[in-house]
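A closer look at the structure
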Amino acid sequence: MNVVIIGCGAVGAAIAYELSLVKQLKITVIDKQPPAQASTGAALGVLMGIISHKIKGKAWRMRQTSIQRYESLIPELEELTNHKIAFNRQGILMLLARNTDSSVADEEISQWQKLTEIRHTQGYQLEVWDTAKLQNICPQVEDKKIIGAVYSPQDRQLDPTALTLALVAAAQKNGVTFKFGVNVLGITPPSQQGDICQQVETTEGNLTADWFVVAAGLGSSALSAQLNQMIDIRPVLGQALQLRLGHALGNPDFQPVITGNDVHIVPVGDGDYWVGATVEFPTNGSHEISPDTELLESIKQQAIAFCPDLAKATIIRTWSGLRPRPEGRPAPIIEKLSGFNNILLATGHYRNGILLAPATADAIREMIIAN
Ligand SMILES: Cc1cc2nc3c(=O)[nH]c(=O)nc-3n(C[C@H](O)[C@H](O)[C@H](O)COP(=O)(O)OP(=O)(O)OC[C@H]3O[C@@H](n4cnc5c(N)ncnc54)[C@H](O)[C@@H]3O)c2cc1C
C-alpha cells in the first residue's frame with residue numbers, strides 16, 4: 001500500500017517514522033521546504049502532559065500516549081541515527097503566583113492538590129511545593145509574588161528540530177522517501193462518483209497513492225479548500241528569545257523547565273535559556289500578524305521577575321513562528337476529511353504539536369491498518 005504524507009514538521013515526520021515500522025507500506029513524504037521549518041522550527045518543545053488540566057477523554061489519552069511513547073522513542077531514534085536529541089528529563093516546575101485576592105490563591109493550590117491525587121490514581125507523580133521547599137530546591141526563583149509551585153517530574157522538554165531531523169533520518173533508514181522543496185498543489189478528486197482519491201498534484205508531477213495524510217499545518221486549509229471541504233486553520237503568532245547567562249540558574253544539576261503565567265524558561269545547556277512565547281492573534285479577521293515587540297519584552301520581564309539573575313543575561317537570538325489553530329473547534333484535527341475515504345487529516349495542533357506528535361502518529365497508524 002502506498003501512503004503519501006504532505007508536510008514534514010514534527011507531526012508529518014512522526015507519522016512517517018511510525019508508519020515505517022508497519023510492514024508492506026510504501027511511504028513518501030512531501031514538503032515544500034526542508035524539514036522542521038514552519039511551526040515546528042519555532043517551538044520550545046515543552047511537553048506539558050501530566051501538568052496539564054486534561055484528566056479524561058481523548059485529550060488526556062493522547063497526552064498519555066505521547067508521554068509514554070517519548071520515553072522509548074528518544075533512545076530508539078538516538079540509536080538508529082547516532083545523533084543525540086536534547087531531551088530534558090528533569091521535569092517541569094510550574095510557579096504559582098499570588099493574585100490580588102488571596103482566597104483565589106488558596107483555591108488554586110487546592111485545585112492542584114486535587115489534580116495531584118487524580119494523577120496518583122493514574123500512575124503519575126505531581127508534587128505541590130510550598131515556598132520554603134521551592135526556595136531550598138530552586139533558589140533562582142526569587143519572586144515575592146510566588147505562593148508555591150507544582151513539580152511534575154515525569155513531564156519533559158526536547159529540541160523539536162533535533163527530534164524532527166532524527167525522525168526523518170530514522171524513517172529514511174526504514175525505507176521512507178522524502179521529497180523536500182516540492183509543493184503539493186492539490187489532491188485530485190475522484191473523476192467519477194466515489195470517495196477515493198488516487199493522486200496528488202505537485203510541482204514535480206503527479207504521485208499516486210492509496211492513502212493521503214495531510215500533516216501540512218497551516219497549509220492544510222488550502223489543500224482542504226481545493227477539495228471543497230475547507231478545514232479552517234488560522235495562525236497564532238509566537239515570539240521567543242534565547243538568553244545567554246553563561247552559567248546555570250540555581251543548582252546546575254537540577255535544571256527543570258520553569259513555567260509560570262504562560263511564560264516558559266527552558267534550559268538548553270551551557271547557561272543558555274529559551275524564553276517564550278507570546279500568543280498573538282490576527283486582528284480584524286485578517287491572517288496577517290506582525291510581531292509586537294512590546295509583548296516579547298514583557299515575556300522577558302516576566303522571566304526576570306521569576307529569576308532575577310536573568311537580568312544579567314544577553315539576548316543572543318529572537319524568533320517567531322505561526323501556530324496552526326483550528327477555528328471554532330478544539331485542537332488537534334485527526335480524522336478523515338469529510339467526503340473522502342482515504343484522506344486523513346493530522347493537523348491543527350496549535351500549542352501542543354510537539355507534545356502530541358507521537359499520539360497523532362499512533363492514531364493515524366491505527367486508522368490505516370484498521371482498513
Ligand atoms: C513560538 C512557538 C512555541 C511553541 N512551543 C511549543 C511547545 O513548547 N510544545 C508544543 O508541543 N508545541 C509548541 N508549539 C506548537 C508546535 O510548534 C506546533 O503545534 C507543531 O509544530 C505543529 O507541527 P506540524 O508538523 O503540524 O506543522 P508545521 O511544523 O507547521 O509543519 C507543516 C509543514 O507542512 C508543509 N506544507 C504546508 N503546505 C504544504 C504544501 N501545500 N505542500 C508541501 N508542503 C506543505 C510546510 O512547509 C511545513 O513544513 C509552539 C509553536 C510556536 C510558534
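Residues numbered from 1 in each chain as written. Predicted model: local features only at pLDDT ≥ 70, side-chain atom pairs only at ≥ 80, totals over all residues. Heavy atoms only, no water.

1. A closer look at the overall build of the protein chain
Just so we agree on the cut-off: Numbering of helices and strands starts at the N terminus; helices are DSSP runs of H or I of at least 4 residues and strands are runs of E of at least 2. For a compact globule the rule gives 2.2 Å times the number of residues to the power 0.38, and the radius of gyration it is set against comes from C-alpha atoms. Think of it in three bands: with a 1.4 Å probe and only protein chains considered, a residue is buried below 20% of the maximum accessible area for its type, exposed above 50%, and partly exposed in between. By definition, residues are in contact when any of their heavy atoms lie within 4.5 Å.
Summing up its helical and strand segments, the protein chain has nine helices and 20 strands in all. The C-alpha atoms of the protein chain give 21 Å as radius of gyration, which agrees with the globular expectation for 371 residues (21 Å, within 12%). C-alpha extents for the protein chain along the principal axes are approximately 70 × 45 × 40 Å. Buried positions account for 51% of the 371 residues belonging to the protein chain. Considering only residue pairs separated by 6 or more positions, the protein chain has 74% of its internal contacts joining residues 24 or more positions apart.

2. A closer look at the side chain of Lys-300
Spelled out, the test is: Positive charge is attributed to Lys and Arg, negative charge to Asp and Glu, and no charge count is given to His or to the chain ends. When a carboxyl oxygen of Asp or Glu lies within 4 Å of a side-chain nitrogen of Lys or Arg, that pair is called a salt bridge.
Counting through the fold element by element, Lys-300 comes out in helix H8 (residues 293-306). For the buried residue Lys-300, which engages in no salt bridge, the nearest side chain bearing the opposite charge is Glu-297, 4.1 Å off. Not counting chain neighbours up to four residues away, the residues in contact with Lys-300 comprise Leu-241 and Ile-315.

3. Considerations on the site of the ligand
For the record, the criterion: Whether a residue is near a molecule or strand depends on its heavy atoms: it is near if one of them lies within 4 Å of it. Polar contacts, as used here, are pairs of N or O atoms within 3.5 Å; protein pairs need one atom able to donate a hydrogen and one able to accept it. Residues neighboring in sequence count only if both atoms are side-chain atoms. Residue exposure ignores everything except the shown protein chains as possible cover, and the areas themselves are Shrake-Rupley values with a 1.4 Å probe. Amino acid classes used here: Ala, Val, Leu, Ile, Met, Phe, Trp, Tyr, Cys and Pro are nonpolar; Asp, Glu, Lys and Arg are charged; the rest, including Gly, are polar. These domain limits were set by an automatic method or by a database of domain assignments.
The environment of the ligand is formed by 34 residues, the closest being Asp-31, Gln-33, Thr-40, Val-46 and Tyr-350. Tyr-350 places a polar main-chain atom, nitrogen or oxygen, 2.8 Å from an oxygen atom of the ligand. For the ligand, an oxygen atom lies 3.0 Å from a polar atom in the backbone of Gly-353. For the ligand, whose accessible area on its own is 1,000 Å², the fraction buried by protein is 96%. Elements supplying a minimum of two residues to the shell around the ligand: helix H1 (10-20), helix H2 (39-42), strand E18 (314-326) and helix H9 (353-369). Class assignment of the residues belonging to the shell around the ligand gives a composition of 16 nonpolar, 14 polar and four charged. Viewed by domain, the shell around the ligand spans two of them, domain 1 (2-85 + 159-232 + 328-369) and domain 2 (89-154 + 235-325), each represented by three or more residues.

4. Let's talk about the environment of Pro-34
Residue placement: Pro-34 occurs in the loop between strand E2 (26-31) and H2. Sequence-wise, Pro-34 and Leu-165 are 131 residues apart; in three dimensions their C-alpha atoms are separated by 9.8 Å.

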